[in-house]
Amino acid sequence: MLLPLLGGCCAVAAMAQQVTVVEQTRLTKGVGEAYYPKLSPDATKLLFTDADAHGLQMLDLTTSEATTLSDESGAGFDARWADDGQVCFVTAKRADDRLIYRTPMRYDLASHRAEALLEPQHGTVQPVVGDKGAAFVGARKSQGRVRDTGTSVYTQGSQLMITRNGVTTAYSPVESYAGYLWACLSPSGDKVAFVAAESGVFVTDLEGRVLASLGHYEMPSWLDNDYLVVQNATDDGHQFTSSQILLLKADGTFSHALTAPTSMTMQPTAAAGTIVYTTIDGHLTMMKIQITQ
């Protein structure tokens, strides 16, 4: 059974733009309950995990073959695709001193092996993936040099950390006491999307200048260099009351509902014209759309 769609969403014209859903497939083979999906840049593979981000799996979308990359806790929460055939992720384990220790990990798709890049450390550890490489930024110790990642972006508190030409610069384009989340670089590497916790999704250039404010949404992911998909969710303070996937133009001039608020669809990921999202019950769906003027 396919997820319910918003009535008429398969072809809606607005501002001379038309969005057509050309394919919609429930991903079931080799997949149980799945959350935090992450498409590879060429949209041929998908990372996912369980509801608690325990373990990390990869689904080959061309063969429907699933592979376990890690059985460790936390591995699937913020896994990233590097451009060199590797997957970067962070595991988390509570030690005897009751503190959580995080370990930066790398899985090589060619050798089918995972390796720890540093000893476990207390504090935040996050992967930073650019167009020339990857690194890990840790509160206590980092692995690799962010300046060698090419053009990349990550967040620290209420700062966007944008690296280009070997230099990392901190920007705070939007006031936010609760911090920034989900920073991501556009496919052509000239724009950044992120969420300011109190204000929603913003798009900036590489000098931190705001190009567009897109609204109070979460989890932006670039479909191509002009469009993003986002999660539009509401809650009552205890649980979600609605959640849907929206398509937004990066300049803020166009929005389109891809699923209905009642569908409880969430956590979108996009790449190369393909969109994957899950539901509150962990059911994955792949969607391909066509945008015409």
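The preceding data block contains the structure.
Reading the values: the criteria
- Residues numbered from 1 in each chain as written.
- Predicted model: local features only at pLDDT ≥ 70, side-chain atom pairs only at ≥ 80, totals over all residues.
- Heavy atoms only, no water.
- Core = buried A, V, L, I, M, F, W, Y, C linked by side-chain atoms within 4.5 Å.
- Buried < 20%, exposed > 50% of the residue type's maximum accessible area, 1.4 Å probe, protein only.
- Helix = DSSP H or I, 4+ residues; strand = E, 2+ residues; numbered from the N terminus.
- Contact = heavy atoms within 4.5 Å.
- Phe/Tyr/Trp six-rings, centres within 6.5 Å; stacked < 30°, edge-to-face > 60°.

(A) Inspection of the nonpolar core at higher detail. Val203, Leu214, Trp222 and Leu228 are the most contacted members of the largest nonpolar core, which has 15 residues in total. Those elements that provide at least two residues to this core are strand 18 (192-196), strand 19 (200-204), strand 20 (210-215), strand 22 (227-235) and strand 23 (240-249). Leave out the neighbours within four places in its chain, and Leu228 touches Ala193, Val203, Leu214, Pro220, Ser221, Trp222, Leu223, Leu246, Leu247, Leu248 and Ala250. By size, the runner-up hydrophobic cluster in this structure holds 14 residues, among which are Val21, Val229, Ile245 and Met287.

(B) Summary view of the environment of Gly189. With respect to the helices, strands and loops of the structure, Gly189 is situated in the loop between strand 17 (180-185) and strand 18. By relative accessible area, Gly189 is classed as buried at 15%. Considered as a pair, Gly189 and Asp131 are 58 residues apart in the sequence and their alpha carbons are 7.9 Å apart. Other than its neighbours up to four places away in sequence, Gly189 contacts Thr151, Leu206 and Asn225.

(C) A look at the packing of aromatic side chains. Scanning all chains against the criterion turns up four aromatic pairs. Taken together, a centroid distance of 5.3 Å and an interplanar angle of 70 degrees make the contact between Tyr36 and Phe77 edge-to-face. Remark: Phe77 occurs in the loop between strand 6 (65-70) and strand 7 (80-81) and Tyr36 occurs in strand 3 (residues 35-39); sequence separation between them is 41 residues. The rings of Tyr180, Phe194 and Phe202 are connected pair by pair, giving a single aromatic cluster.

Interpretation in functional terms is not warranted from these geometric data alone.
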